[in-house]
Amino acid sequence: GYRLIILDSLFNSSEKVINRILKLSRIKNHEREAQLVFIKGDLRDEILINNIFENYSNNDKSIMAVIHFAGLKSVNDSINLPIQYWDFNVKGTINMLKVMDKFKCFKLVFSSSATIYGSTNINPINESFNINPINPYGQTKAAVELLLRDLFNSSKNTWRIVNLRYFNPI
């Protein structure tokens, strides 16, 4: 029953994902306009994010929550292109959080990574394991998690934040 607004730069994805989402969610093509909106754009563009939130706050259908899967995700690329990873993964998140706060959208699901734990022989890893990333990709995810923790602690009765830390199946 929720309208989905997808913001994606398509930097490391494809519009084919939209058709998969429609199929999984059983949204019919004639319902697509009302149920799913795709906007090509980048989280590093704070003005764009602000405009999206403003557009939906003005028509009585405010954005209530964000599921944040945007970001670069290759460990090898992060080692070769650390500035790009910090820019995409951290700056983009900061821009989004500023706009969410401005529009009083305080629910967030963040796609983190088990990469934040670094290298270990202990198995299985649980959430209390030490955060010690060993590459820029993991460091950007850990940095965002620290920011989210600070944000939550600054107003515990306002923000609702979930970090998903999953493993790459490879």
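Procedures and definitions
- All residue numbers here refer to positions counted from 1 along the written sequence of the relevant chain.
- Restriction of local features to residues with pLDDT of at least 70 applies here, the model being predicted, together with a cutoff of 80 or more for giving and counting side-chain atom pairs; totals for whole chains, interfaces and linings are based on all residues.
- Based on all heavy atoms of the structure, the side-chain values leave hydrogens and waters out of the count.
- Secondary structure elements follow DSSP: runs of H or I no shorter than four residues count as helices, runs of E no shorter than two count as strands, and numbering proceeds from the N terminus.
- The cut-offs for exposure are 20% and 50% of the maximum accessible area for each residue type, with area from a 1.4 Å probe on protein chains only; residues under the lower value are buried, those over the upper are exposed, and the others partly exposed.
- Aromatic pairing here means that ring centres of Phe, Tyr or Trp (its six-membered ring) are within 6.5 Å. Orientation follows from the plane angle: under 30 degrees is stacked, over 60 is edge-to-face, and everything else is tilted.
- Charge-over-ring placement is defined geometrically: NZ (Lys) or CZ (Arg) within 6 Å of the ring centre, and within 35 degrees of the ring normal.
- A helix is expected to span 1.5 Å for every residue after the first.
- Whether two residues touch is decided by their heavy atoms; if any such pair falls within 4.5 Å, the residues are in contact.
- Strands pair, by our definition, only if DSSP identifies at least two bridges between them.
- The crossover handedness rule: strands pointing away from the viewer, path from first strand over the helix to second strand clockwise, crossover right-handed.

## A few points about unusual backbone geometry
In step 1: Even without a glycine there, the phi angle at Leu-10 is positive, about 60 degrees.
In step 2: Position of Leu-10 among the secondary structure elements: in the loop between strand E1 (4-8) and helix H1 (16-25).
In step 3: The exposure class assigned to Leu-10 is buried, which follows from its relative accessible area of 18%.

## Focus: the packing of aromatic side chains
In step 1: Following the criterion strictly, the structure yields 4 aromatic pairs and no others.
In step 2: With a centroid separation of 5.9 Å and 75 degrees between ring planes, the pair formed by Tyr-117 and Phe-129 is classed as edge-to-face. With Tyr-117 in the loop between strand E4 (107-111) and helix H6 (136-154) and Phe-129 in the loop between E4 and H6, the pair connects residues that are 12 residues apart, well separated along the chain.
In step 3: Between Arg-44 and the ring centre of Phe-88, over which it is positioned, the NZ or CZ distance is 3.7 Å.

## Some words on the side chain of Ser-112
In step 1: Considering the arrangement of structural elements, one finds Ser-112 in the loop between E4 and H6.
In step 2: Note on Ser-112: relative accessible area 1%, which makes it buried.

## Section: helix H5 (residues 82-102)
In step 1: With 21 residues, H5 should reach 30 Å at 1.5 Å per residue; the first-to-last C-alpha distance of 29 Å fits that figure.
In step 2: Taken residue by residue, H5 has Tyr-85, Phe-88, Asn-89, Val-90, Gly-92, Thr-93, Asn-95, Met-96, Leu-97, Val-99 and Met-100 as its buried positions.
In step 3: Residues of H5 that are buried make contact with helix H3 (46-57), strand E3 (66-68), helix H4 (75-80), E4 and H6.
In step 4: Immediately downstream of H5, the backbone of Lys-104 shows phi near 55 degrees, a positive value.

## Side note on the pairing of E4
In step 1: Across 3 bridges, the pairing between E3 and E4 is parallel. Within the sheet, the bridge partner assigned to Ile-67 lies in E4 and is Val-109.
In step 2: For E4 and strand E5 (residues 160-164), the ladder comprises 5 bridges, and the chain directions are parallel. Within E5, the residue paired with Val-109 across the bridge is Val-162.
In step 3: Following the backbone out of E4, through H6 and into the adjacent parallel E5, one traces a crossover that is right-handed.

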